[in-house]
2 protein chains.
Amino acid sequence: MTQPRYTQIVQSLPATVPFVGPETQIRARGEPFKARIGANESVFGPSPRAIEAMRDAASEVWMYGDAESYDLKQELSARHGVTPAHIVVGSGIDGLLGSLVRLVVEPGDTVVTSDGAYPTFNYHVAGFGGVLHKVPYVEDREDPATLFAKAAEVGAKLVYLANPDNPMGSWHRGEEIVAALDKLPDGALLVLDEAYVECAPEGTAAPVDVDDPRVIRMRTFSKVYGMAGARIGYALAAPELISSFNKVRDHFGVNRIAQAGALAALRDTAYLDEVRGKIAASRERLAAIARENGLEPLPSATNFVAIDCGRDGAFAKAVLDGLIARSIFVRMPFAAPQNRCIRVSCGTEADMAAFAAAFPGALDDARTDQPE
Amino acid sequence: MTQPRYTQIVQSLPATVPFVGPETQIRARGEPFKARIGANESVFGPSPRAIEAMRDAASEVWMYGDAESYDLKQELSARHGVTPAHIVVGSGIDGLLGSLVRLVVEPGDTVVTSDGAYPTFNYHVAGFGGVLHKVPYVEDREDPATLFAKAAEVGAKLVYLANPDNPMGSWHRGEEIVAALDKLPDGALLVLDEAYVECAPEGTAAPVDVDDPRVIRMRTFSKVYGMAGARIGYALAAPELISSFNKVRDHFGVNRIAQAGALAALRDTAYLDEVRGKIAASRERLAAIARENGLEPLPSATNFVAIDCGRDGAFAKAVLDGLIARSIFVRMPFAAPQNRCIRVSCGTEADMAAFAAAFPGALDDARTDQPE
C-alpha cells in the first residue's frame, strides 16, 4: 500500500502555517487572553445591522450562497463607481490572493514583495512554485519605487504592495502610488492590498483606473468592518482579470451568512464612521501608552500601532513574550529592522487599560533579561 | 499597458461554471421558485441548536475562526473513533476537493471518475491540468471495479467515487467498497465522497481503516445537516495525508459561525434522526408522485430521487424545462443514459404538493412537443 503521489511542488513545501492563531495560543495557555489585540481584528465588532442580518440569515443557511454575490456586487459597484464586472467577491483577501497567485504564477515565475510584508501572500507564492524576491522597507514603508525596480530586474509577473502597510501601519498617498505605476514594468501585475484603507486618512485609497490592466486592488470585511471570522472580501480590477477568477475560484465558496452581513455592513455608513472614530481614539491611546513608557509609537493609518521598543528584534521579542505572559495577545513584525517593534491592535477601553497595566512590567522584565 | 501574464493552464481553461446557481436562475426569471428542490439542499434546515449557535456566533464574528477547528475536530474524532490528526476541516467538500486535487495532480497527471459524476471534481482536475478519464455507470451506479480497472490502465493518481451517488441516488454497501480496494492500483488515491451518507441505509458508510493511505473520505454539513450556505465539511484519512493539507489550505478560511453551527449540529443527534425520517418520507412521496405519473422512481440512499422519464435526455430536458416554467426548481443528470431522468430533491409537504401539481403538465407538454 503506497502513499499518495504528491506533486513536485507539494513534496518541496514545508508544512508551515502563515500564522499561529490566537485560539491555538489560548489552548496552549489554558486560559483566554485578557486583551485580544494581536490579530488586527476589530474588537468593536460588526455593525449591529450586520449582526442582525447574519442572525436572520442563520435559519436560511440550508441554501447555498449566491455564487455570483449579486446583491453585494451591486452595492459595491455603486459605492466604487464601477460595474459589477469589475468586482470579484471571495472568501477574504487570503482566499482571493490564493486564486490570484494561481492565475499568474507557475513554477519558477518570479514575484516581488517587501521583506516583512504579509506572509500569507508569500505562502501562496511558495505554494504555486513561485520564486519570491524581497526588497527592504524604506523608512518603515513598503516602497513602490524599490518594488517596481526589483520587478523590472527580475521580470516579475506579480508585485505585492500593501497600502496602508501591515505590520508597520505606514502608508502612502494613493496618488503617489498611481504616479509610481509608470515605473511598473510591462507584464507585471500589481496586487494592491488595501485591507486597512477604510480607517486611513482621506486620500490613501489609490485612485486607480479600474480598467487599468496593471493593478488589482483587494478589500476586506475582516478589518474595519469587523467581520474577520466571516471570510469575505473583494477585489477590484479590469473585467478580463476579474472574469479569469471564474476559471479557478470555488464558485459556491462564499458563506451565505457572510454575504448578508457584508451587504448590511456596507450600507451602515454611520456605524463605519463610528468605528473609524473609535480606531482613531484607540490609536491615540496606544501612542500615549508608548510614550508614557518612554517609547516611540509609529504613525498609523490602520487599526493597530507599531511601537518601537528602541532596541533589536530579540529585545522586542522579549517584550512581546512578557505581554503574552501577562495575558495580552499582541504580535510583532518578522523582519529586521521592523522587528524592533511590537504591533498592538486597537481595542476597547478595557483592552487599552489591560495593555497599559501590563506593558511596564513586560518592558522591565525584558530590560532585566537583556541588559544593554 | 500589457495584460497580466496568465499561466499556461489558465490560458487553456474555459470560463465555465460547474453549476448555475438557483439565485442566478431566480434573477433571470424575475421571481422566486415555488419549490426549491433542485440543489439537494436540505429544506428541513439545520438543527434549531445549530441555528441558535450560529445566531450567537454572529456577534463574535469580529474574531477569526479557529484555524485548527479544534473543538469540531474533537467532537468528530470521538464520533468516528479516530484522532484529530485523521481529520481536516475545510470550506465544504468543494473546497477540500480543490485542495486534494492540488496536492496530487500536476499537468498531465491522470485521474479517473464516472461519466456524469460530480462536475465540481472535474472542474478542479481541469483547473490543475489533470487529464480526466471517465468510465460509464454500471446499472446507474458508479462502479468501483470499472473505475479501478481504468485507474490501473491509465496509471491514475486519483480516483473519484461517490457513495451514495449524485445524481442517481444509488449506492453500494460500504463493505463492498472496502473489498474492492484490493483492485485499486498502487499509487492511486481513492477519494470517497460520502456527502449523502448520513441519510443512507445502515452499512453504506465504508468501514475504511482510517490509516489506510489509499483512501480519503469526504463528509459535509451541506446536505443532511442542512448547512450548505455555511461552507463546512471535513475529510478523514491517514495523518500524513491530512497534514499535507496544511501545505496548501487557507488556514483561516473556515467561517467562525459555520464552525459553531457544525459543532452544535453534530451534537444534536435527535434532530439528525428527525431529518432522516423526513427525508425517508419525502423520498417515498417523490416515488409515489413518479408512479402516479406512470414513471419509475430510482431507489435512493440520498436526499433526492432520480425519476426515470422513460425516454432520452432530450425528453427529460423538456420535462425539466416544463417544471422550471412552472416554478419548480429541479435538475437532471448530465450524461447518457442517466440523463433519461430528472433529479428532484426532498422537500417539505408544500414542496411536494407543488411538484405533484406541476409534474403532469410538464410531462404532457414534453410529450406534445416530442411525440414518440
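The numbering scheme is per chain: residues are counted from 1 as the chain's sequence reads. Chains carry letters and ligands carry numbers; both start at the beginning, A for chains and 1 for ligands, and go up in the order they are written. Predicted model: local features are reported for residues with pLDDT of at least 70 only, side-chain atom pairs are reported and counted for 80 or more only, and whole-chain, interface and lining totals are derived from all residues. In computing side-chain values, all of the structure's heavy atoms are included and hydrogens and water are not.

In the nomenclature of an unreviewed UniProt entry, chain A corresponds to histidinol-phosphate transaminase from the organism Lutimaribacter marinistellae. UniProt positions are given in the numbering used here, feature names are shortened, and annotations may be inferred rather than shown by experiment. Heading Catalytic activity (unreviewed entry) of the UniProt record for chain A holds this comment: "L-histidinol phosphate + 2-oxoglutarate = 3-(imidazol-4-yl)-2-oxopropyl phosphate + L-glutamate". Under the Sequence similarities (unreviewed entry) heading, UniProt states for chain A: "Belongs to the class-II pyridoxal-phosphate-dependent aminotransferase family. Histidinol-phosphate aminotransferase subfamily."

**Student:** Talk me through the overall build of chain A; I want residue IDs and the actual numbers.
**Tutor:** A helix here means a DSSP run of H or I that spans at least four residues, while a strand means a run of E at least two residues long, and both kinds are numbered starting from the N terminus. If you tally the helices and strands in chain A, you get 13 helices and 12 strands. Each radius of gyration is computed over the set of C-alpha atoms, and the globule rule expresses the reference value as 2.2 Å times the number of residues to the power 0.38. For chain A, whose C-alpha radius of gyration is 21 Å, the value lies close to the compact-globule estimate of 21 Å for 372 residues. Burial statistics for chain A: of 372 residues in total, 66% are counted as buried. Only heavy atoms matter for contacts: two residues are in contact if any of them lie within 4.5 Å across the pair. Across chain A, the fraction of contacts at a sequence separation of at least 24, relative to all contacts at a separation of at least 6, is 73%. Reported accessibility uses the Shrake-Rupley method at a 1.4 Å probe radius. Residues are deemed covered only where the shown protein chains occlude them. For chain A, the exposed surface amounts to about 13000 Å²; the carbon and sulfur share of it is 51%. In chain A, 37 side chains carry a positive charge and 48 a negative one; their mean positions are 3 Å apart. Only protein chains enter the accessibility calculation, which uses a 1.4 Å probe; a residue is then buried when its area is under 20% of its type maximum, exposed when over 50%, and partly exposed in between. Charge assignment in this entry is limited to Lys and Arg as positive and Asp and Glu as negative, and neither His nor the chain termini are counted. Where a charge sits is defined by one atom per residue type, namely NZ (Lys), CZ (Arg), CG (Asp) or CD (Glu).

**Student:** Hey, could you go over the sheet that holds strand β10 (residues 304-308) of chain A for me, with residue numbers and the actual values?
**Tutor:** Sheet strands pair via backbone hydrogen bonds, and the direction of the pair is either parallel or antiparallel. All names here are of chain A. By definition, two strands form a pair when at least two bridges between them are found by DSSP. Reading across from one edge, β9-β10-β12 is the order of the three strands in this open sheet, with antiparallel pairing throughout. A strand with exactly one partner marks an edge of an open sheet, and here the two such strands are β9 (296-297) and β12 (341-345). Here two bridges tie β9 to β10, and the two strands are oriented antiparallel to one another. The residue bridging Pro297 from the neighbouring strand is Ile307, located in β10. Angles shown run from 0 to 180 degrees and are taken between the N-to-C directions of axes, each axis being a line fitted to C-alpha atoms and, for helices, limited to the stretch in contact. Relative to the sheet, helix α13 (residues 349-369) contacts β10 and β12, its axis offset from that of β12 by approximately 155°.

**Student:** Describe empty space enclosed by the protein, naming the residues involved and giving the relevant values.
**Tutor:** Points on a 1 Å grid over protein atoms alone make up a cavity when a 1.4 Å probe fits among them but cannot get out, and a pocket when they form an open set with protein on both sides within 12 Å along at least five of seven lines; lining residues each have an atom within 4 Å of a point. Grid points are joined across faces, edges and corners, and a volume is the space filled by probe spheres set on the points. Scanning the entire structure with this criterion turns up 12 cavities of 30 Å³ or more. Of the pockets and cavities examined, the largest cavity occupies roughly 680 Å³. In terms of lining, the largest cavity is formed by 34 residues, of which the most central are A:Ser91, A:Gly95, A:Asp250, B:Ser91 and B:Asp250. Secondary structure elements with two or more residues in the lining of the largest cavity: β2 (87-90) and α5 (92-104) of chain A together with β2 (87-90) and α5 (92-104) of chain B. Amino acid classes used here: Ala, Val, Leu, Ile, Met, Phe, Trp, Tyr, Cys and Pro are nonpolar; Asp, Glu, Lys and Arg are charged; the rest, including Gly, are polar. Among the residues forming the lining of the largest cavity, the class breakdown is 13 nonpolar, 14 polar and seven charged.

**Student:** How would you sum up the relation of the copies chain B and chain A? Please name residues and give values.
**Tutor:** Copy-to-copy superposition: least squares on the C-alpha atoms, limited to residues that have pLDDT of at least 70 in both copies. It takes a turn of 180° to lay chain B on chain A, together with a shift of 0.0 Å along the axis; the resulting RMSD is 0.0 Å. What we have between these two chains is a two-fold relation. The C-alpha atom lying nearest the rotation axis in chain B is that of B:Arg55; the distance is 2.3 Å. Comparing contact sets, 100% of the residues at the interface of chain B also lie at the interface in chain A, consistent with an isologous, same-surface contact.

**Student:** Which residues make up the side chain of A:Thr220, and what values go with them?
**Tutor:** Residues and elements named next belong to chain A. As for its position among the elements, Thr220 is in strand β7 (residues 215-220). The buried category is assigned to Thr220, whose relative accessible area is 3%. With residues up to four places along the chain from it excluded, the contact list for Thr220 reads Ile93, Ala195, Glu198, Tyr225, Ile232 and Gly233.

**Student:** Can you explain the sheet that holds strand β4 (residues 131-135) of chain A? Please cite residues and give values.
**Tutor:** Residues and elements named next belong to chain A. Taken together, the seven strands give an open sheet; going across it, the order is β2-β8-β7-β6-β5-β3-β4, and neighbouring strands pair in mixed fashion. Strands with a single pairing partner mark the edges of an open sheet, and in this sheet they are β2 and β4. Adjacent strand axes in the sheet meet at a mean angle of 20°, parallel and antiparallel pairs treated alike. Across the sheet, α5 touches β2, β5 (158-162), β6 (189-193), β7 and β8 (233-236), and the angle it forms with β7 is around 155°. Those strands touched by helix α7 (residues 144-154) are β3 (110-114), β4, β5 and β6, and its axis lies near 160° from that of β3.

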